[in-house]
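Listed here are the chains, written in short residue letters.
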Amino acid sequence: MKNELVLVLDFGGQYNQLIARRVRECNVYCEVHPYNLSIEKIKELNPKGIIFTGGPASVYGENSPLCDKEIFDLNIPILGICYGSQLMAHLLGGCVEHAETSEYGKTPIIVDNNSLLFDNVSKETICWMSHTDLIKEAPNGFNVTAYSKDCPVAAMENKDKNLYAVQFHPEVAHTVEGMKMLSNFVKNICKCSGDWKMADFAEKTIKEIKDRVGSGKVLCALSGGVDSSVAAVLLSKAVGNNLTCVFVDHGLLRKNEGDEVEAVFGKDGNYNLNFVRVNAQERFYSKLKGVTDPEAKRKIIGTEFIRVFEEVAKKIGKVDFLVQGTIYPDVIESGLGKSATIKSHHNVGGLPSVVDFKEIIEPLRLLFKDEVRKVGLELGIPEYLVFRQPFPGPGLGIRIIGEVTAEKVRIVQDADYIYREEIAKAGIDKTLGQYFAALTNMQSVGVMGDERTYDYAIALRAVTTTDFMTADWARIPYDVLDIISRRIVNEVKGVNRVLLDCTSKPPATIEFE
Ligand code: XMP
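Residues numbered from 1 in each chain as written. Predicted model: local features only at pLDDT ≥ 70, side-chain atom pairs only at ≥ 80, totals over all residues. Heavy atoms only, no water.

A. Layout of the side chain of D501. With respect to the helices and strands, D501 occurs in the segment after β18 (495-500). Side chain to side chain, D501 and R461 meet in a polar contact 3.4 Å long. One polar contact links D501 to T503, side chain to side chain, over a distance of 2.5 Å. If near-sequence neighbours (up to four positions away) are discounted, D501 is found in contact with L460, R461, W473 and F512. (Helix = DSSP H or I, 4+ residues; strand = E, 2+ residues; numbered from the N terminus. Polar contact = N/O pair within 3.5 Å; in protein donor to acceptor, adjacent residues only side chain to side chain. Contact = heavy atoms within 4.5 Å.)

Below, the structure is given as structure tokens:
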């Protein structure tokens, strides 16, 4: 049986995934597609509702993304967000103008509670605005259902045609009652019952993989991160001994991490997997020698990872299937709509080009991170692995600013280990989304035991976040910072200063490179 579907059409906004995420929080399955998806394809997908995302364009721009006007006559409820709302107004004969005052950030709006979209929402509520154009006049047949000080049409609707539009972003946490609004759209307006449940995902997927793979040989790149671990365990339940897991230690892992991953998945672990560990540290360090540009470093690590992996695959012999721990945000990030590329993300298991696999299996392709975690728990993977904080594919390579050397890796590993140990001791690890030490490329003068030192500064990064798209810097108590700073300077050779990163995302990113 097919699940109810809400379609998100991506007009290039940075929050497109978040919208899909929020819809799924309502237990409604949601997919993101490019804005120019054809009317035929939309009819074929037969969604219960459509959401237009925001985006950086203006409806009057030369190359601005437009949609086919026919979409408004399909009798499918549509919610336009930000640019999506302006587009709806523009195409249906309303008036969109450049705003005299562009609104950015938390903004109070007054809503009309008779609107189904604002059912149970406070009359005056805070929302997140981020726009330079605005709807000056709603099209004929539309009612204005919300306004702010500078925005005459903060929301509008044509109830008869099931068309709704909001100038603000209901999907971000700063819109205090945004989740209620999206739920109202999905449940009250699109009439979705909420039939997307994780409980039977694992069972269904194992059966599908069994049918597809038969007695074929399967290879999986395992990093020890939650995505590849869950993918590996799913596969091993489906194909048993025909699966081989390859763990590449690129020398950019956290302290002891290689051994920890081997302990869980290796021959003494719980999973009875064919586990191959490749110690490729020196190989990566030599490729990274002298390279300082962040994107160049990312590309070298990604490419070298694939080369090592291919070599192992060739040794293992004829492999029919390759498993990748791709999750839904990776699918969306790799090239829908028109969002700007901020960093080229590398996930362990990027696609090898040389080795001849028949097919790729991506069992988690449709899931968001927290959904993957739920599956992991259902499969009996230990909680400490399932709830591990994210660790990027390029590892410490992007937490060492400038050139990577074995010595710098040692410094950042030791500092990070102390940092994590003290955060856990203070009992605040669960309150933080992600935290790690990074090695700045800065050396400065210090004094230790009456001697002058000229050593590195470690930066402590800690953020709170729900989606990793935006993040606030975490307020770790001074007493805890004090212990961490003293221990790092005393115990980690080569460090004489500890700095705290108190920048949110945006404008900074979570990682340093
Ligand atoms: P940024 O630095 O972009 O990070 O704010 C957002 C989240 O993504 C993680 N990250 C990566 N994960 N491969 C990954 O698998 C990568 O290349 C990569 N770069 C960043 C980062 O740790 C944070 O959780």
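B. Broad picture of the packing of helix α5 (residues 201-213) against helix α6 (residues 226-239). Between α5 and α6, the shortest axis-to-axis distance is 8 Å and the interhelical angle comes to 55 degrees. Overall, the two elements α5 and α6 adopt an arrangement that is oblique. In this structure, α5 crosses over α6, and the sense of that crossing is right-handed. Two secondary-structure elements touch here, α5 through A202, T205, I206, I209, K210 and V213 and α6 through L234, L235, K237, A238 and V239. Taken together, the residues of the contact of α5 with α6 break down into 8 nonpolar, 1 polar and 2 charged. (Axes fitted to C-alpha atoms, helices over the stretch in contact; angles between N-to-C directions. Parallel < 35°, antiparallel > 145°, perpendicular 65-115°, else oblique. Left-handed = near helix turned anticlockwise from the far one by under 90°. Nonpolar A, V, L, I, M, F, W, Y, C, P; charged D, E, K, R; others polar.)

C. Representation of helix α14 (residues 478-491) in the model. With 14 residues, α14 should reach 20 Å at 1.5 Å per residue; the first-to-last C-alpha distance of 20 Å fits that figure. All of the buried residues along α14 are V480, L481, I484, R487, I488 and V489. Where α14 is buried, its residues contact α13 (406-425), β15 (434-448), β16 (451-464) and β18. (Expected span 1.5 Å × (residues − 1). Buried < 20%, exposed > 50% of the residue type's maximum accessible area, 1.4 Å probe, protein only.)

D. Representation of the sheet that holds strand β8 (residues 155-158) in the model. Here we have 9 strands laid out as an open sheet, ordered β2-β1-β3-β4-β9-β8-β7-β5-β6, and mixed in their pairing. Each edge of the sheet is formed by a strand with only one pairing partner; in this case those strands are β2 (29-34) and β6 (124-137). Going from strand to strand, the sheet's axes swing by 20 degrees on average, the running direction of each strand aside. Bridge analysis of strand β1 (residues 5-10) against strand β3 (residues 49-52) gives 4 bridges, and the strand direction is parallel. Bridge assignment links L9 to a residue of β3, and that residue is F52. Taken strand by strand, helix α3 (residues 83-91) contacts β3, β4 (78-81), β5 (95-111), β6, β8 and β9 (163-166), and its axis lies near 115 degrees from that of β4. Helix α4 (residues 178-189) contacts β3, β4, β6 and β9 of the sheet and is inclined by roughly 165 degrees relative to β4. (Pairing = 2+ DSSP bridges.)

E. The arrangement of the domain arrangement of the chain in detail. We note that the domain assignment places domain 1 (5-189), domain 2 (198-386) and domain 3 (405-500) within the chain. Inter-centroid distance (C-alpha atoms) of domain 1 to domain 2 is 37 Å. (Domains from an automatic or database assignment.)

F. Seen up close, the pairing of β8. With burial as the criterion, each face of β8 is covered, one bearing A155 and E157 and the other bearing M156 and N158. Bridge analysis of strand β7 (residues 143-147) against β8 gives 3 bridges, and the strand direction is antiparallel. Bridge pairing in β8 places A146 opposite A155. Taking the residues between adjacent antiparallel strands as the criterion, β8 and β9 are bridged by 4 residues, where N162 takes a positive phi near 60 degrees.

G. Fine view of the nonpolar core. The biggest cluster of nonpolar side chains holds 72 residues, and the ones touching the most others in it are F52, I71 and F265. The leading source of residues in this core is α6, at 9 residues. Inspection of this core shows a minimum of three residues originating in each of domain 1 (5-189) and domain 2 (198-386). Setting aside chain neighbours within four positions, we find F265 in contact with L222, S229, V233, Y271, L273, F275 and L385. Counting residues in hydrophobic clusters, the runner-up holds 47 residues, among them A313, L432, A474 and L481. (Core = buried A, V, L, I, M, F, W, Y, C linked by side-chain atoms within 4.5 Å.)

H. Highlighting the sheet that holds strand β13 (residues 321-323). Reading across from one edge, β12-β11-β10-β13-β14 is the order of the 5 strands in this open sheet, with parallel pairing throughout. Edge positions in the sheet fall to β12 (274-279) and β14 (359-361), since each has one partner strand and no second. Across this sheet, the average inter-strand angle for adjacent strands is 25 degrees, counted without regard to direction. Pairing of β13 with β14 involves 3 bridges; the strand directions are parallel.

I. The arrangement of the pattern of salt bridges in detail. Considering all chains together, one arrives at 36 salt bridges under this definition. Note that D211 and K207 form a salt bridge whose closest N and O atoms lie 3.1 Å from each other. Residue D211 and its partner K207 are located together in helix α5, separated by 4 residues, close to a single helical turn. Neither residue differs from the other here; D211 and K207 are each classed as exposed. (Salt bridge = Lys/Arg side-chain N within 4 Å of Asp/Glu carboxyl O.)

J. Expanded view of the pairing of strand β11 (residues 243-249). Burial analysis of β11 places 7 of its 7 residues in the buried class, which makes it a mostly covered element. The alternating pattern of β11 places L243, C245, F247 and D249 and T244, V246 and V248 on opposite faces, both of which are buried. In this sheet, β11 lies alongside strand β10 (residues 218-221) in parallel orientation, the contact comprising 4 bridges. Looking across to β11, one finds that L219 is bridged to T244. Both β11 and β12 contribute to a ladder of 6 bridges, which runs parallel.

K. View of helix α1 (residues 16-25). The element α1 is largely enclosed, with a buried count of 9 among its 10 residues. Among the residues of α1, those classed as buried are N16, Q17, L18, I19, A20, R21, R22, V23 and R24. Among the residues trailing α1, N27 stands out with phi positive, at a value near 60 degrees.

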